[in-house]
Amino acid sequence: MSLKSAAMKLMQKAIEHAPDSMMPGGKPDPLITRKHGIVGAPVTRIDGPLKVKGAAPFAAEFEAEGLLYTAVAFSTIAKGRITSLDTSAAEKAPGVRLVMTHKNAPKLKPTPMFNTQPKAAGPSDLPIMQDDSIHWNGEPIAVVLADTQEQADYAKSLISATYKEEPAVIDFDAAMKNAHEPKTILGEPPTINEGDAEAALSAAPNLVDKTYTTPRHNHNPIELHGVTLFWEDGELYVHDSSQTVAQSAWTLAEVFGLDEKKVHIWSPYVGGGFGSKTLWQHHVLAAAASKMADRPVRLVLSREGVYRTVGGRTTTQQRVAIGADADGRFQSLIHTGVAAMTEHNDCPEQFTFPARHLYATKSFLIGQKVADMDMLANTFMRAPGESIGTFALESAIDELAEQIGIDPIELRARNEPESDPTTGKQFSSRNLIKAYRDGAERFGWNSRSAKPAARRDGEWLVGMGCATGTYPYYRMPGGKARLTVSKDGFVTAEFAAHEMGMGTATTQTQVVAERMGVAQQCVQINYGSSDLAGVFLAGGSSQSASIGASIHAAHTALVEQLIKLAGSKSPLHGLDADDVESRDGGLHTKKDPSHGESYAAILRRAGKDELSVEESAPPPMELQHWSMHSFSAIFAEVGVNTITCETRVRRLLGSFDCGRILNPKTATSQFRGGMIMGIGLALMEETIWDSRKGRIMNPSLAEYHVPVHMDVPEIDVMWTDIPDPHTPLGARGIGEIGITGVGAAIANAIYNACGKRIRELPITLDKLM
């Protein structure tokens, strides 16, 4: 072990055992106890009118004088070298201004890969159009710039390439033979164990030991991935559709050898991301081509282009084995398996994470490996790992419940842990059993027949299933916010965060208004620019916590400055930030609320138009001190047709335990959106992979099936709304929890309906014949 690793482990142990009061969140956020305020109100999205009117500008809608349009040509082999690349006809085509290939592309520095440095955002460490090598089937080999999109697309069709193929690992079964443990899985050890889980499994009177498989999935946001960018005076200006404006700006600066401040990314609106709207090769290619042509460039990937060059969820094979005593209490829990990855990226699908935290057991073996393949680098896709890991784990729980003859909810309740099963940490807050009880009552779970195929509705067999969902609480480091209060009592909050349709602007307007004690109409939120404060990630369900902690820190700093500014004649004189509270447009003493001053009065007396502070959030040490997670109980009712074997989800209910809900209206939308993606995961989504060529064979929405209106039933959502005392505002992330557990709940309902247990996603009708 290196000295650095030893020091980090020592520090982690110190944080784990430190008093709660020393941790961020050790003292509950004052806003947790404030009732009937703006936070928690069902406020309609403030960006809604702009989007309805078409007045919200997206990345591919910004205009620039002399704009050129692009088309990208892709390789057709999985590994090898380009032996010839004929672009002559394309260069002579009407309107074409430039064809960029490895032969003439600017020399670029290596792309810093995600997780290698604090702001690194590169999907892999592969060179981008720097030589004739090919690393996956679909890698960009040429970029055409033309006066119109149609001219660029036509010219691209005139490019011809030949290759010298090299042996490639493109079959998952073959790759699994050489599977290996990654160094870490998102900073966690790849394998953890306690006791002899295999021996305990063999000795258990009740056990299941099954293999579950999940396919590749591709990202399909409605807004295609695209950028509009230009260079001016040696600086790069980018209109992007991004979940990582600050990280992408830093990474592009590294690639082009610039100071970070010379790259400016704006992304005010994002038409869906789900983990995919990060930095990919098309960003670098567009910037390089624009630099060569000395013209503004717009590059929008086609739907096929997204499949070829933007990673998605990878394929897995998972083993889940559970041994239980006669009462159903777990003696052994084993969750192991393999996920496909590449040698050039670091994104192991963390499907074993739910098993680490959900159930008490006397022994466990939880670990996973990766199988390196020659393919496009996989990436995060809504609830990476947890969405498919819960499919396997929660299906096995259902199988065990039937074997023992116990209700599936009761089996879960009997194995509810008092503390985190693998770390021993106390949960910051956990009300999963309440979520189950409340959800079961509303869903009518007591009407479920324990015997499969016992309920019929015409030609449909009807069944119910349930499953647990979970996703960790994250708060990323680097959060920072600027707060400005004016002499008119208006407040502006600025931070480099993102709005992808989940309601960030609306919810954070509520949070700032509540924190500052002003009306919502007096708050302006500025976001979506790398030039603003802080480093935020619209992913990992982390952004609300990261912004919340940053705003809290900035508010404290602003209050301290206002008290100093108020002077000796103010009723605030001699007080500190802990002695006052923000309300009614100013600061008031906690002991005597009648004593205080408005922000406007303080600033006017000091002769200032406004006062600004910029402050960083504390490091997220709470993550190492408590076990912090969102939870859900998912209930599904399905019908399986006895003639066609098709499955229809009839009802879906999610009962969530995610701390305090900041905005019920936007939260409901988030939960339902995740559950709809769960329907797709369970029943239809699958990237068809040609294991002979390493090529995606269904790169379009005509062939890659996602849920449409007729596939989506009534979806009911509810929540405990019990604040987590150790998080900003008492809230935990909700962006990903909605999809977790849904696959297993539907699979379990299908078994209850027709008696067929399917352990391979998606559950298509051919598997039920």
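Definitions and limits used
Residues numbered from 1 in each chain as written. Predicted model: local features only at pLDDT ≥ 70, side-chain atom pairs only at ≥ 80, totals over all residues. Heavy atoms only, no water. Helix = DSSP H or I, 4+ residues; strand = E, 2+ residues; numbered from the N terminus. Expected span 1.5 Å × (residues − 1). Buried < 20%, exposed > 50% of the residue type's maximum accessible area, 1.4 Å probe, protein only. Salt bridge = Lys/Arg side-chain N within 4 Å of Asp/Glu carboxyl O. Contact = heavy atoms within 4.5 Å. Axes fitted to C-alpha atoms, helices over the stretch in contact; angles between N-to-C directions. Parallel < 35°, antiparallel > 145°, perpendicular 65-115°, else oblique. Left-handed = near helix turned anticlockwise from the far one by under 90°. Nonpolar A, V, L, I, M, F, W, Y, C, P; charged D, E, K, R; others polar. Lys, Arg positive; Asp, Glu negative; His and termini not counted. Domains from an automatic or database assignment. Phe/Tyr/Trp six-rings, centres within 6.5 Å; stacked < 30°, edge-to-face > 60°. Lys NZ or Arg CZ within 6 Å of the ring centre and 35° of its normal.

Details of helix H19 (residues 742-754)
Part 1 of the argument: Between the first and last C-alpha of H19 there are 18 Å, a value that for 13 residues agrees with the 18 Å anticipated at 1.5 Å per step.
Part 2 of the argument: In terms of burial, H19 is a largely internal element, 13 of the 13 residues being buried.

Here we look at the pattern of salt bridges
Part 1 of the argument: Under the defined criterion, the tally for this structure stands at 36 salt bridges.
Part 2 of the argument: The network of salt bridges with shared partners includes Arg45, Asp47 and Lys51.

Some points on the side chain of Ser290
Part 1 of the argument: Tracing the chain through its elements places Ser290 in helix H8 (residues 281-293).
Part 2 of the argument: The contacts of Ser290, once residues within four sequence positions are left out, are Leu229, Phe230, Trp231, Arg295, Pro296 and Val297.

Re the packing of helix H7 (residues 245-256) against H8
Part 1 of the argument: For the pair H7 and H8, interaxial distance at closest approach is 11 Å and the crossing angle is 50°. One way to sum up the angle between H7 and H8 is to call them oblique. Every pair of crossing elements has a handedness; the one defined by H7 and H8 is right-handed. The residues of H8 that touch H7, namely those facing Leu252, Val255 and Phe256, are His283, Val284, Ala287 and Ala288.
Part 2 of the argument: Of the residues in the contact of H7 with H8, the class split is six nonpolar, one polar and no charged.

Considerations on the side chain of Arg298
Part 1 of the argument: Within the secondary structure, Arg298 is located in strand E12 (residues 297-300).
Part 2 of the argument: Buried within the structure, Arg298 lacks any salt-bridge partner; Glu63 is the closest side chain of opposite charge, at an N-O distance of 4.1 Å.
Part 3 of the argument: Dropping the residues within four chain positions of it, Arg298 is found in contact with Ala60, Glu61, Phe62, Glu63, Leu67, Leu68, Tyr69, Thr70, Val227 and Thr228.

Comments concerning the domain arrangement of the protein
Part 1 of the argument: Per the domain assignment, the segments making up the protein are domain 1 (34-56 + 475-619), domain 2 (64-167 + 222-272 + 277-309) and domain 3 (191-217 + 313-474 + 624-768).
Part 2 of the argument: Computed from C-alpha atoms alone, the centre-to-centre distance between domain 1 and domain 3 is 38 Å.
Part 3 of the argument: Within the residue set of the side of domain 1 that touches domain 3, elements represented by two or more residues are helix H14 (504-516) and helix H15 (543-566).
Part 4 of the argument: With five residues, the single largest contributor to the side of domain 1 that touches domain 3 is H14.
Part 5 of the argument: Residues that form the side of domain 1 that touches domain 3 fall into these classes: nine nonpolar, ten polar and four charged.

Considerations on the packing of aromatic side chains
Part 1 of the argument: Taken as a whole and judged by the stated rule, the model has 16 aromatic pairs.
Part 2 of the argument: Ring geometry for Tyr212 versus Phe391: centroids 5.9 Å apart, planes at 85°, classification edge-to-face. Of the two residues, Tyr212 sits in strand E8 (residues 206-214) while Phe391 sits in helix H11 (residues 386-404), which places them 179 residues apart along the sequence.
Part 3 of the argument: By relative accessible area, which is 0% here, Tyr212 ends up buried.
Part 4 of the argument: Take Phe391: its relative accessible area is 0%, and that puts it in the buried class.
Part 5 of the argument: Through pairs of rings, three or more aromatic residues link up here, namely Tyr436, Phe443, Trp445 and Phe635.
Part 6 of the argument: The ring of Tyr751 has Arg757 sitting right over it, with the charged end atom 4.1 Å from the ring centre.

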